[in-house]
Amino acid sequence: MMKFAAICHMYKAVKFPLRCLMSARHLTMVNIPVTNNIKLVTSSENPLKTACNPYLKDPSKNNEEAQKQSKVRVVTSENERPIALIFSWMLAKEKHVTKFVKFYISNGYDVINISISPMQLLFPVSGSQVIAADLLKFLYTNKELKPKVVHGFSVGGYVFGEVLTHVRNQPNSFRPVLDSISAQVFDSAVDFEGIPAGLSRAMFPKLVPLRVAMEAYIRYHMKVMQNKATTHYMQSSMSFHGTIVKAPALFIYSKADPIGTEEGNLRLKESWENAGIQVQTKCFEKSPHVSHFYHHPEEYSTELVSFLAQCGLVPQNFQTCVSKMKEKL
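Treat the numbers as computed from the prediction; the structure is a model and nothing was measured.

### Some thoughts on the environment of Ser 117
- When you line up the elements, Ser 117 lands in the loop between strand 6 (110–114) and helix 5 (118–122).
- Remark: the alpha-carbon pair of Ser 117 and Leu 91, spanning 26 residues in sequence, is separated by 6.7 Å.
- Look past the residues within four positions of Ser 117 in its chain and what remains in contact with it is Asn 37 and Met 90.

Given below as structure tokens:
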């Protein structure tokens, strides 16, 4: 009886650490804006030091005037710093994204959080593609920042597809930026077919008439703006399905999600497995779009930690605890 009680105690102590880490209030973070859509988050206990450089390096541009595009934060660090790239969902509230940021910060990562607005999605040439280029230029400039984990939510998968497209177009310059990625996590990933329903729901989650009208407009927009929008969505989708990043992946989705559908995730899984990528999946029955952690915090936490442990991306003592828990149970 005592042994059973001890095992139960160990189970609870190990199963819930992610939840505890995410809700830890003593953790102080420093937010460093890179652009309006890109934010570097670092721990106050071991913060990155930055300075503002007048030019954003673009290895594809040679003349001085072309280099003068925008300012960029330049990081100074004596050692390489592991980075988690979090591609947020559309109109995500900071308090919700912070739960995931805290988890990675607590496990020794700095975080780069990438967001996108509705207008930047609707007009990708001046929106999402600029964000993708700025992210790559920032990482190219600051080579001591080593992306280890990509954690994308919903439309974040599309934005990562734009990053991959940019890398394909300039492989000699930007391919090394992604070489350090060791794990990929995509929560409620959306292909371009889900843009009308996904964007309209994000903009009007409760006002159904406006949501219906907005979805109809977006479908019209994608039809009329074929060359300025839809073609780029399709190119991003092709880059995402044919990704050049071969790190193991975890897909988290729900059977009840009409936006990041089970069918879409399984198609992506098949594409990646055909390319030799190891893919794990976690499918929930009824949780809404990008709400899987909210409705299933313990299952989500356990799945995420287990996957990252397999990839060697959580502290060794944390991985040992997870292994011991599984052995005991």
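### Concerning the environment of Phe 100
- Among the structural elements, Phe 100 can be located in helix 4 (residues 94–106).
- By relative accessible area, Phe 100 is classed as buried at 5%.
- When the C-alpha positions of Phe 100 and Ile 86 are compared, they lie 8.4 Å apart, and in sequence the two are 14 residues distant.

### A few points about the packing of helix 6 (residues 128–141) against helix 8 (residues 171–178)
- One can describe the packing of helix 6 onto helix 8 by two numbers: an axis separation of 9 Å at closest approach and a directional angle of 75°. Considering the angle they form, helix 6 stands roughly perpendicular to helix 8. Contact residues: helix 6 offers Leu 136, Lys 137, Leu 139 and Tyr 140, while helix 8 offers Ser 173, Phe 174 and Val 177.
- Class assignment of the residues belonging to the contact of helix 6 with helix 8 gives a composition of 5 nonpolar, 1 polar and 1 charged.

Calculation notes
- Residues numbered from 1 in each chain as written.
- Predicted model: local features only at pLDDT ≥ 70, side-chain atom pairs only at ≥ 80, totals over all residues.
- Heavy atoms only, no water.
- Helix = DSSP H or I, 4+ residues; strand = E, 2+ residues; numbered from the N terminus.
- Contact = heavy atoms within 4.5 Å.
- Buried < 20%, exposed > 50% of the residue type's maximum accessible area, 1.4 Å probe, protein only.
- Axes fitted to C-alpha atoms, helices over the stretch in contact; angles between N-to-C directions.
- Parallel < 35°, antiparallel > 145°, perpendicular 65-115°, else oblique.
- Nonpolar A, V, L, I, M, F, W, Y, C, P; charged D, E, K, R; others polar.

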